[in-house]
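Chain by chain, the residues:
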Amino acid sequence: MPPAEKCALCVKNVYRAEQFQCFGLLYHVNCFRCAECKQALRVEKANRSKTGELYCKVHFKLLEERQKRKMEEEENNNNCTIPAQIIIEP
Ligand SMILES: [Zn+2]
Ligand SMILES: [Zn+2]
């Protein structure tokens, strides 16, 4: 018997009738929704984060912005030890 295929999100067995393929991975039809608003997603609207979670367009954008802000904050924290140089142009 071939090994049962598993959903990329909940890691439970996926039967053919309820499987959904996207990003080269298998999902339950019921699992294929935004991690934030739980809205069912369509392939063309789905976005996959680096951690493998799925997001709708809106929440993927929010997630990206949140990550960007976090990175910037970390950068700013790292820069705290470096004295700021203020150059005043005439
Ligand atoms: Zn699943
Ligand atoms: Zn969403």
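In case you missed it, the structure is sitting above this.
Owing to the predicted nature of the structure, the values given are computational and were not obtained by experimental measurement. (Residues numbered from 1 in each chain as written. Chains lettered and ligands numbered in written order. Predicted model: local features only at pLDDT ≥ 70, side-chain atom pairs only at ≥ 80, totals over all residues.)

1. Brief notes about the overall build of the protein
Of regular secondary structure, the protein possesses one helix and four strands. Along the chain direction, N to C, the helices and strands of the protein fall in the order β-β-β-β-α. Long-range contacts, defined as pairs at least 24 residues apart, comprise 8% of the intrachain contacts of the protein with a sequence gap of at least 6. (Helix = DSSP H or I, 4+ residues; strand = E, 2+ residues; numbered from the N terminus. Contact = placed C-beta atoms within 7 Å.)

2. Let's talk about unusual backbone geometry
For Val 11, which is not a glycine, the phi torsion comes out positive at approximately 60°. Mapping Val 11 onto the fold places it in the segment before strand 1 (19-22). Positive phi outside glycine occurs at Lys 38, with the angle close to 65°. Within the secondary structure, Lys 38 is located in the loop between strand 2 (25-28) and strand 3 (47-48).

3. Overview of the nonpolar core
In this structure, Cys 7, Ala 8, Val 14, Tyr 27, Phe 32, Cys 34, Leu 41, Ala 46, Leu 54, Tyr 55, Cys 56 and Phe 60 together form the largest nonpolar core, which totals 12 residues. Two domains share this core, each providing at least three of its residues, namely domain 1 (1-32) and domain 2 (34-77). Setting aside anything within four residues of it in sequence, one finds Phe 60 in contact with Asn 47 and Tyr 55. (Core = buried A, V, L, I, M, F, W, Y, C linked by C-beta atoms within 7 Å. Buried ≥ 20, exposed ≤ 12 C-beta atoms within 10 Å, placed from the backbone. Domains from an automatic or database assignment.)

4. Things to note about the pairing of strand 2
In this sheet, strand 2 lies alongside strand 1 in antiparallel orientation, the contact comprising four bridges. Of the residues in strand 2, the one forming a bridge with Phe 20 is Tyr 27. Joining the antiparallel neighbours strand 1 and strand 2 is a turn of two residues, in which Phe 23 adopts a positive phi near 55°. (Pairing = 2+ DSSP bridges.)

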